[in-house]
Amino acid sequence: MSEDEKLLKEAKKLPWEDRLAHKNWKVRNDANIDLAAVCDGITDPKDPRLREFGPFFRKAVADSNAPVQEKALDALIAFLRAADADAGRYAKEVCDAIVAKCLTGRPKTVEKAQMSFMLWVELEAVEAFLDAMEKAIKNKVAKAVVPAIDVMFQALSEFGSKIIPPKRILKMLPELFDHQDQNVRASSKGLTLELCRWIGKDPVKSILFEKMRDTMKKELEAELGNVAGTAKPTRKIRSEQDKEPEPEAVSEAVGSVPTEESVADVPQEIDEYELVDPVDILTPLEKSGFWEGVKAAKWSERKEAVAELTKLASTKKIAPGDFSEVCRTLKKLITDVNIAVAVEAIQALGNLARGLRTHFSASCRFLLPVLLEKLKEKKPTSTEALTQTLQAMHKSGCLSLTDTVEDVKVAVKNKVPLVRSLTLSWVTFCIETSNKAAILKVHKEYVPICMESLNDGTPEVRDAAFSALAAIAKMVGMRPLEKSLEKLDDVRQKKLSEMIGGSTGDQSTLPNSGVVQSSAGAMTTGASDSSFVRRSAASMLSGKKPIATAPAATKKATSGKSGTNKKVDAGGQTKVSKPVEHEDVEPTEMSLEEIESRLGSLIQAETITQLKSAVWKERLEAIVSFKEQVESLTEIDPSVEVLIRLLCVIPGWNEKNVQVQQQVIDIVTHIAATASKFPKKCVVLCLSGITERVADIKTRAQAMKCLSTFCEAVGPGFIFERMYKIMKEHKNPKVLSEGLSWMVCAVDDFGTSHIKLKDLIDFCKDIGLQSSAAATRNATVKLIGVLHKFVGPDIKGFLSDVKPALLSTLDAEYEKNPHEASAVPKKAVKVTDATSSAVTGGMDGLPREDISEKITPTLLKGLESSDWKVRLESIESVNKILEEANKRILPAGTGDLFGALKGRLHDSNKNLIIATLSTIGALASAMGQPVEKSSKGILSDVLKCLGDNKKHMRECTLSTLDAWLGAAHLDKMLPYITAVLTDAKVGAEGRKDLFDWLSRQLAGLAEFPDAIQLLKPTASAMTDKSADVRKAAEACFNEILRVCGQEMVSKNLRDIQGSALAIIGERLKPYGSFQDNYESGRSVSSSMTSKSSIKAAKPNGHGDRTSRHGNRNAPSRAVPTKGSRQESILSVQDINIQSQALISLKDSNKDDRERIIVRRFKFEELRIEQIQDLENDVMKYFREDLHRRLLSADFKKQVDGIEILQKALPSMRREVIEVLDILLKWFVLRFCESNTSCLLKVLEFLPELLDMLRNEGYTMTEAEATIFLPCLVEKSGHNIEKVREKMRELMKQVIQTYSAAKTFPYILEGLRSRNNRTRIECADHVGFLLDNYGAEISGQLKSLQIVASLTAERDGDTRKAALNTLAIGYKILGDDIWRYVGKLTEAQRSMLDDRFKWKAREMEKRKEGRPGEARAALRRSVRDNASDPAEQSGEVSRSMSIPTFNRENYGLPEIHTDRLPMPRAYSGVGLTDWNEALEIIEYGSPEQAVEGMKVVCHELAQATADPEGSTMDDIVKDADRLVSCLANKVAKTFDFSLTGASSRSCKYVLNTLMQTFQNKRLAYAVKESTLDSLITELLLWLLDERVPQMDDGSQLLRALNVLMLKILDNADRTSSFSVLINLLRPLDPSRWPSPATNESLAIRNQKFSDLVVKCLIKLTKVLQNTIYDVDLDRILQSIHIYLQELGMDEIRKRAGADDKPLRMVKTVLHELVKLRGTAIKGHLSMVPIDMQPQPIILAYIDLNLQTLAAARMLTPSGPVGQTHWSDSTANNAAPAAHSADAQLKQELAAIFKKIGDKQTCSIGLYELYRITQLYPQVDIFAQLQNASEAFRTYIRDGLAQMEKNAAAGRTPSSVPLSTPPPAALNLSPRYGSLSPVNADPLNDSRNLNPGGEPTNFSLPPSFAEDDRLVNAVSQKMSYDPSGLQQNFEESRNDRLPSGVSNGTLDAIRERMKSIQLAAGGVNPDSRSRPLIQVNGDVGEGHGGMQGGILPMDEKALSGLQARMERLKSGSFDSM
């Protein structure tokens, strides 16, 4: 028997507790197995053994040994299955232990942990489970958070919301939405969707959406569409399972009564009120000044006070409290004389009722009589507010029908009928929303009330009583009402029975349908709890594959998929026929030998041999012969492909001779034209080469002809799609510009029927118009112009977001290419299937979108909502849908939408009707002609809106008619128009407007016989009482007569009678004998017909409609007199002026105007030329009537102009901002004039303007401030007190909205003014700034000496103002103020001293403390001695017999103690100063340094606790010095410990470094040179053989490992890369300890390199997420230096030897190229690309680009995470996101993210500055439209600072910015950083350091967080290169796309090696060359621009391309 078996046998005798806690893991493992077996055998839940076992699991599941832990979980699961709810007493501690130790373990362990959680829930330990989950989701390791979310998801999914309270989960979700890890976010979304299934979408939305980012909202909105139906539990808790009878026994019972059970099981949506936390509103109400406000005399103040209560009470749930006084106050306000105050009070009551519910019932009963009495108010706003409030009181349970009986009895007897009717309507609502039981109790009370009201004299009251009775009958049936109804007469009984029958009939089927649904739902659910199936929350998302065992999820995914397919089918119906004949498009590879063998004797062998010749004349002769032989072929079809392939290989598309090229293209053109079927794969083979030939002027004509022939052969659609990608990605800009020029010709030749217009327009918009080359833009504009010729003006809708300058250019091009409806293509396409690519948009070919999926039931329900705000939001949602579809939609699914909008045309809110009319017009325009069939007769309802007496409403209706007419035909509209013209409800004004509209439409038509339908209503209107209607009808009749002809009018007079007939006769007399014609019925004579006849043309098609639209505003042709014609023309002109925009922004360029403004602080009067420029600008940008007023000399007209601006300000915010500089100049002009009225008007307008700017988030630019502030400051000393007061308030507003720091210099300049009053005002402003913005102007306090100098002024008021200001400064600064006041006389000092003493006394009286005390308290920090966390060993207890090797410490140069003596002896007691602590660490002995480190640790802890405080900012400045001191101390402390001393100082130095690098800001502030010293030191000690033999050596090794990980995670990654790449070179021998006997220096260097490689692997693996956080230029510089130092000979040599450091550098470069694609060449600014010989790195970059492109792994311009190019097929053009513009936007987004972070703001600004230098044409501020003005100003200032720094030769690290950017910025996408667990590539399961287990030593807290190792290599463990190789292979292959195999990569690597070997003889003396100094100090690695090396411009780029070509061809000789 072995030792283990004996041990296990002996252990079985021990008690359970001892066995489970045994020190041997095998004993513990065996104990857990036995425990599980025992628990499995227990059948009685009350077995006493279960109570004995319960306490064991807390420690068992937390076992440090993974297998033991797994067995412990098995035992726990067995225990939980055997136990009952009594086991819940152990739940909390066990669940906490599982959360702490099991969720980061093996997958099987995690699964068992989740299973145990589910069993705890089954045992009703839900609270303990959720408490544990709250802790789990706060775990720093994302790997542990996902299982926690998944188990909550599964618990909710299986047990339901009754067991798992949703409220707890809802509280956890918000912090998960912003988690760094994308898997956590995905899981949280899945959990949210599951919540929606249980409690409904609306509660989840309202509670969670306000706490989400916009992107998360959009993603969830998209997913919510897939959540349908209700959920049902599939698993029951243990107690319910025990109650369940056997399945066999219940089968019959279930079958007999299925309905009741299934109805009861349908889960009700949980009330949102129960899910939210109550909010206390009484406390903030007290602070808001409510009680003073409601007593105010002004109604506006009372309204504001009540509005504050309304706002506070609008929260979903209000905390109960004493609201009695509030209600008494509101009761008074309900009867307020001002209706606005009363309405606000009523709304406040409604909100209180909704928020308090039953807690507000007493107050509601108290207020009800007043509210019912208030119903007498006739104002709609009051009535609506009362109705909603009364309904809210009942709905929220505050009032029941029992409570309201007495009040209703009183109200129905009120003398005002409106009170009676509205009271009964409210009672009806209450009855309808109550349950049957409640109505049965109270119906006897209410029926008599209603019966009595049926005899009321007012119809509305009777109708309301009928409704109430019908509602009661519906609830309780007719039987209880029979006796009461006997009293009614037959008519009323019949009416009541009709109302009851009509309302109940509709709902008869509802209960059954509900039963069916719920029973069906019950059938689909079901799960056995015997087996645990793990489900992920992320499986709920549509993008994830659903879990097979979850029927609900599968169903949702399927429905989502079918919806997608449906959309595709609707959008492209013609594509159905395409799969019938599928052609292989992509050509396969074929060798030249195979081509020649297939060619046979078709072409002479001699010709082929000559084609291969290197002599161009021979090739030319051969190609001519080739051409003759091809042309002589009679049957060319079988040989097409092989001939094309041969030409592509020899001479090929790289042929240099132009004549040969021309012949090749001619041959290809001949083959394509001659062949009956030209394969598409042949086009693909030729297209790239032909496209390049188009760019060459010598071959352009032949290439264009060839492309046109291709179009005839295969259709232009295919050619266009292929060319998009080629043109977009080609480096030669001429390929793009000339390719677009050919497309112009192609569209002109072939039309648009075969082209996907959407793709072509997107290409033009995203690539062509965005190009920096003028030729490309011009060609694109021409192409769009040709498209306009074919498709018409609708194309403009797709180009609305183009820059204004380009839009004007496009408009000019449209005029050159007017729309031709009958335009016919000049050329035809040969192949029949070419039409398969034709779009199915409309007649014009532009695509239309199917919006049926967006018209959701929620949207339609919102349109019917009782809340007008919801209705308005729904209407706006429809408008948004149209905008997203480019205002071009398909009619599918819009029927219900039109039906819902029809109801809104009769809305009680007029504003909603106007919005609906606008939306209907937009729908008609977007849909086109199909609107006639889809609109469900909505046009008649639209026309009825003309009956409104508001002019604005009628104008909106006519605008809708215009839009409708633009889409449909007038003849289809006439029946509706005729009906409205005869409708008596439409008033005179409406009919007059409609006749005018008809006249305008008919005036644009030559002939329109259908207009005869209008004859009868027009004739009738000619006898109308209203003169306006008669006049309009007469004008319309003249148009009818003109377009129909006199003959037709005469024939249709039979239906007209009376005076109307006589009037018509009068009008027809000029055309001949009316009476004779009427009697005989004959036609009019031919002579009269010839006079009236006009060319006949039926109006259809776009052309006629366009002309009609153009003539709508023209005067009518039937106006009889000259005078009236002139009047009409004048009125039209006036209307035209008024209809123009108030401010025109055409050709406005604010930047150009601001550029010429000289920055100055001192005010200067405007010069004459400046005033003239201002007048020109005002005339240019302002409407004529406005600029006439503004430039008038009459101040009254100027005031009128300001009033126009005032009215327009809310609606024209963007326009006002664009011309703000012009407005400010005009205001300055008014300030300089002496007219007080105009000045006061300006001062009234300016605060409104500033408020608008603040609301828009706009801050004045420096130029605008320069225009306005000097004048405002100078004129602030106006001689009128009222003006001064207004200017004072205005200045304070400017300070708030602009910036205190920026305004301060202008105010200081005002202190030098000659005007005493100005100086006084400015001194007061300085005091205001000191008091309120002291921190912002703290850097400019020296300017206080200007204020102090005013104390010597003669004027007493000036001296007084200066003394007051300085007294404020004294209050804030204390005695420090004397440092800022400058030199003063004794008299001045005496004055100041007296004033300061007075101020101190005042402060003492007011108990404000002492002067300067507040500031001193902020600056003071308490530094107590920290506890000693690492002190374990005390004094040196033992010595170690280890040989000590001293070595040189290569860190930052030390300052020796003899050069700078220590200031005092350090006893280690009472150290409180940071600087002293650093000095002790630097100069003291290891034991003394410990005391300094204590202080540092304490300070770091304090600063970390308050990261936003000033302490942290101060420490960040010293971070580099601190780390430098500690790095130098590492070797000293370890050497000291090696002498036999305690390792205490080592622990402290590592702990302090760990605390420093745990803070990202501190870690980021460490310079590269310091980082180099530190990393080198740590790695050397990790390799040192003596460390494991030290005191606590294994723990020290572990600490070194963890510290290295933390440095790699948090330090500046750019510096880390540079340092590690630099360390790959052999280490200086002096840095090693003396060589040991068993190891050579080479072996040590190899071990060191291996460690460095592992560190680089860690950094490289997360490059995909951090690519935008690193400075690629510096990394590439480091790689360049490394490669140059090696030289090509050494590189080849090492490549053969498989050198790991070299391979690592290549891997880093490969990863960078893969992630950045071709954009990597833009980051070579620090590599001297023009040096001779060329840098080696260029060859490797080009090689990587080639190989990655071949493997389709290149990411040229896509977002991070995209690893391959999108496949471009015939139906999918390359997406626009892959454009260079999109790439630049991504780079800018990443840079803005850096700027938004305090730690990286300087680096981000430097990168942004580089972008502005490399791409000067890019407008970076266009990307910042949604950012705050503060952030834009910060960026503008930062760029200016960077420009100065660059001029001074400084880099960002040496010149940090003084202020961090504004915090509230969320511009860029969040790239979650991988945690060290996920990113660790270093085989965590294997510890390469075989040190012993920890003894009694506990690490300081910093090390306890992270147990992962960088895998230190000890002398006992040899490094396994194969493992590293395997690791590299895995790290590469796990990100490969599915199409790339290992074989492909092997081929790529082989090719890389072959090219390296081909570069033989490169740079033979490279090894002997010294290190190349590039751009300054390599060690520091800063990116300054020195040595004449500039960023890569276009010349450099083209040079680089040329060199790349040489490298491709293998000509390395030049290097």
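Residues numbered from 1 in each chain as written. Predicted model: local features only at pLDDT ≥ 70, side-chain atom pairs only at ≥ 80, totals over all residues. Heavy atoms only, no water.

1. Section: the environment of Cys 1525
Mapped onto the fold, Cys 1525 is located in helix H80 (residues 1510–1538). Apart from the residues within four sequence positions on either side, Cys 1525 is in contact with Leu 1478, Ile 1481 and Glu 1482. (Helix = DSSP H or I, 4+ residues; strand = E, 2+ residues; numbered from the N terminus. Contact = heavy atoms within 4.5 Å.)

2. Observations concerning the environment of Ala 984
With respect to the helices and strands, the residue Ala 984 is situated in the loop between helix H53 (970–981) and helix H54 (988–1003). By relative accessible area, which is 78% here, Ala 984 ends up exposed. In the structure, Ala 984 is positioned 37 residues away from Gly 947 in sequence and 9.3 Å away in space, judged by C-alpha atoms. (Buried < 20%, exposed > 50% of the residue type's maximum accessible area, 1.4 Å probe, protein only.)

3. Observations concerning helix H26 (residues 401–411)
Since the α-helix turns once every 3.6 residues, residues separated by three or four places project in the same direction. All of the buried residues along H26 are Leu 401, Thr 404, Val 405, Val 408 and Ala 411. Angular distribution of buried residues about the axis of H26 spans 140 degrees; they occupy a single face of the element. Exposed positions of H26 whose direction lies more than 90 degrees from the buried face are Thr 402, Glu 406 and Val 410. Packed against the buried residues of H26 are helix H24 (361–374), helix H25 (380–395), helix H27 (417–432) and helix H28 (436–453). (Arc of directions from axis to C-beta.)

4. Remarks on the side chain of Thr 428
Tracing the chain through its elements places Thr 428 in helix H27. On the accessibility criterion, Thr 428 (8% relative accessible area) is buried. At a separation of 3.4 Å, a polar atom in the side chain of Thr 428 contacts the main-chain amide nitrogen of Ala 468. Other than its neighbours up to four places away in sequence, Thr 428 contacts Ala 464, Ser 467, Ala 468 and Ala 471. (Polar contact = N/O pair within 3.5 Å; in protein donor to acceptor, adjacent residues only side chain to side chain.)

5. Regarding the packing of helix H68 (residues 1220–1232) against helix H70 (residues 1262–1275)
At a closest axis distance of 9 Å, the pairing of H68 and H70 adopts a crossing angle of 20 degrees. Overall, the two elements H68 and H70 adopt an arrangement that is roughly parallel. The handedness of the crossing between H68 and H70 comes out as left-handed. Here Leu 1220, Asp 1221, Leu 1224, Lys 1225, Val 1228, Phe 1231 and Cys 1232 of H68 lie close against H70, whose contacting residues are Glu 1264, Ile 1267, Phe 1268, Cys 1271, Leu 1272 and Lys 1275. Here the contact of H68 with H70 is composed, by residue class, of nine nonpolar, no polar and four charged. (Axes fitted to C-alpha atoms, helices over the stretch in contact; angles between N-to-C directions. Parallel < 35°, antiparallel > 145°, perpendicular 65-115°, else oblique. Left-handed = near helix turned anticlockwise from the far one by under 90°. Nonpolar A, V, L, I, M, F, W, Y, C, P; charged D, E, K, R; others polar.)

6. Structural notes on the nonpolar core
If you look at the biggest cluster of nonpolar residues, it comprises 104 residues, and the most contacted ones within it are Phe 1534, Phe 1557, Ile 1679, Leu 1683 and Leu 1712. With 13 residues, the top contributor of residues to this core is H80. Once residues lying within four places of it in the same chain are set aside, the contact partners of Phe 1557 are Val 1523, Ala 1563, Val 1566, Leu 1571, Leu 1574, Lys 1606, Ile 1607, Asn 1610 and Ala 1611. (Core = buried A, V, L, I, M, F, W, Y, C linked by side-chain atoms within 4.5 Å.)

7. Some thoughts on the confidence of the model for the protein
Here the protein shows a mean pLDDT of 75. Residues at 70 or above account for 76%. Here residues 544–581 is a poorly scored stretch, pLDDT under 50, and it has 40 contacts once near neighbours within four places are set aside; other chains count. Under a pLDDT of 50 for its full length, residues 1756–1778 has, in the predicted model, 61 contacts with residues more than four places off or in other chains. (pLDDT = per-residue confidence, 0-100.)

8. Considering the environment of Val 294
Along the chain, the position of Val 294 falls in the loop between helix H20 (290–293) and helix H21 (299–313). Assessed through its relative accessible area of 10%, Val 294 is described here as buried. When the C-alpha positions of Val 294 and Val 306 are compared, they lie 7.0 Å apart, and in sequence the two are 12 residues distant.

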